[in-house]
Amino acid sequence: MSRIEYFRVFQQRYAFTTLRRVTGLGALALLLNGCSASQHISQGETAVESNPLHDPQPFERLAPVSYTPEAWPQALKASVYLPNGSTDTRRPAALVVHGGGWRNRTPQDMQSIAEQLAGQGYVAVNVEYRFAPEYRFPNQLNDLQQAMTWIHANADEWQVDTDRIVGVGFSSGAHLVSLLALAGVEGPLAEPYGGEQSRLAAVLAGGLPSDLLKFEDGPLVVDFIGGTRAEKTEAYRSASPAWQITPQAPPFFLFHGKWDKLVPVDHAMDFYQALQDNHIESELYLQRWRGHITSFLLRGGAIDAGIAFLNRQVNP
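This one's a predicted model, so the numbers in the text were calculated from it and none came from an experiment.

1. Focus on the overall build of the protein chain
- A count of helical and extended segments in the protein chain gives twelve helices and ten strands.
- The 316 residues of the protein chain split such that 53% are buried.
- In the protein chain, once contacts between residues fewer than 6 apart in sequence are set aside, the share between residues at least 24 apart is 77%.

Structural data, given as structure tokens:
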């Protein structure tokens, strides 16, 4: 992530803010969502074509509460969204993780997505995690492993089927849930906080930085890993979801802006191809005329298609 890329992102944000001020967000969304604004790639019929979303159901948002053990280096909170009504049938859950370059932002960014998931019948768990540079990889992954342990511990109360927990994230949040899905259960990154309770049934990932070795030595990734690519090559590889794909990977839905300069679109395209090479069920939703930020702000169709994909995996 070079200075040139940061400047481009700044320009993109400025242009979006200016256009929104002139036209209004609704008009801008209408402009970009018309005219074939997406390219949906799938082996066979897409999930949203074969299984449209359910009618939304009511849900309750619980007060944020700490999900980490008392001795954890930083107390971290989660907001839980519970579908209304008692049920004798256990339901799926969704671990929801925000972006922010591993260093900022809050779960508030993912609130509307968590609400949409809850409306589809998921127990949505929208979490904080520790930030770089104070805390470096794999601390953030360990936080998500603790969140998964916490969901399992509350599964009876929330009526969660622990075999049907999915991960949902954008940008650095997409990176973390993808890494959890691919390396949080078995192998070096599973110790000491992962294991079977960290297993995800499917992943919805937007703006995914899938291979950290592709980036120049900019401050975001260097601060997250704790060194440059030359200094920490194995850590970069270990922290890259693209290097962790095996035939045992869960299904993945990816969405990505084709104009993304912060996380170039080849991160998604190469990752999708690797999933296909390993015969992993997956879909790729490419958003035309979107950069990194606008792919999230104007994400509507992508999230609908992604949740339909999750629904096909876990049947809420």
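2. Some points on the environment of Val-185
- Its place among the elements puts Val-185 in the loop between helix H7 (172-183) and strand E8 (202-206).
- Relative accessible area serves as the criterion here: at 14%, Val-185 is assigned to the buried category.
- Beyond its immediate chain neighbours, meaning those up to four positions away, Val-185 contacts Leu-180, Ala-190, Gly-195, Glu-196, Ser-198 and Arg-199.

3. Remarks on the layout of surface pockets
- There is about 300 Å³ of room inside the second largest pocket.
- Residue lining of the second largest pocket: 14 residues in total, with Ala-181, Leu-182, Val-185, Arg-199 and Gln-248 positioned closest to the centre.
- In terms of residue class, the lining of the second largest pocket is made up of eight nonpolar, four polar and two charged.

4. As for the packing of helix H5 (residues 139-153) against H7
- At their nearest, the axes of H5 and H7 sit 10 Å apart, and the two run at 65° to each other. It follows from the interaxial angle that H5 and H7 lie roughly perpendicular. In the packing of H5 onto H7, the handedness of the crossing is right-handed. Of the residues in H7, those in contact with Gln-140, Leu-141, Leu-144, Gln-145 and Met-148 of H5 are Leu-176, Val-177, Leu-179 and Leu-180.
- Along the lines of polarity and charge, the residues of the contact of H5 with H7 split into seven nonpolar, two polar and no charged.

5. Description of the pairing of E8
- With five of five residues buried, E8 lies mostly within the body of the structure.
- Side-chain alternation along E8 places Ala-202, Leu-204 and Gly-206 on one buried face and Val-203 and Ala-205 on a second face that is also buried.
- Across five bridges, strand E7 (residues 160-170) lies against E8 in parallel orientation. The residue of E8 that forms the bridge with Gly-169 is Ala-205.
- Handedness of the E7-H7-E8 crossover: right-handed.
- Relative to strand E9 (residues 252-257), E8 runs parallel, the two sharing four bridges. Paired with Leu-204 across the two strands is Phe-253, which belongs to E9.

Rules behind the numbers
Residues numbered from 1 in each chain as written. Predicted model: local features only at pLDDT ≥ 70, side-chain atom pairs only at ≥ 80, totals over all residues. Heavy atoms only, no water. Helix = DSSP H or I, 4+ residues; strand = E, 2+ residues; numbered from the N terminus. Buried < 20%, exposed > 50% of the residue type's maximum accessible area, 1.4 Å probe, protein only. Contact = heavy atoms within 4.5 Å. 1 Å grid on protein atoms, 1.4 Å probe; cavity = no way out; pocket = protein on both sides within 12 Å on 5 of 7 lines; lining within 4 Å. Points joined across faces, edges and corners; volume = space filled by probe spheres on them. Nonpolar A, V, L, I, M, F, W, Y, C, P; charged D, E, K, R; others polar. Axes fitted to C-alpha atoms, helices over the stretch in contact; angles between N-to-C directions. Parallel < 35°, antiparallel > 145°, perpendicular 65-115°, else oblique. Left-handed = near helix turned anticlockwise from the far one by under 90°. Pairing = 2+ DSSP bridges. Right-handed = clockwise from strand over helix to strand, strands pointing away.

Function cannot be read off these values alone, since they describe shape.
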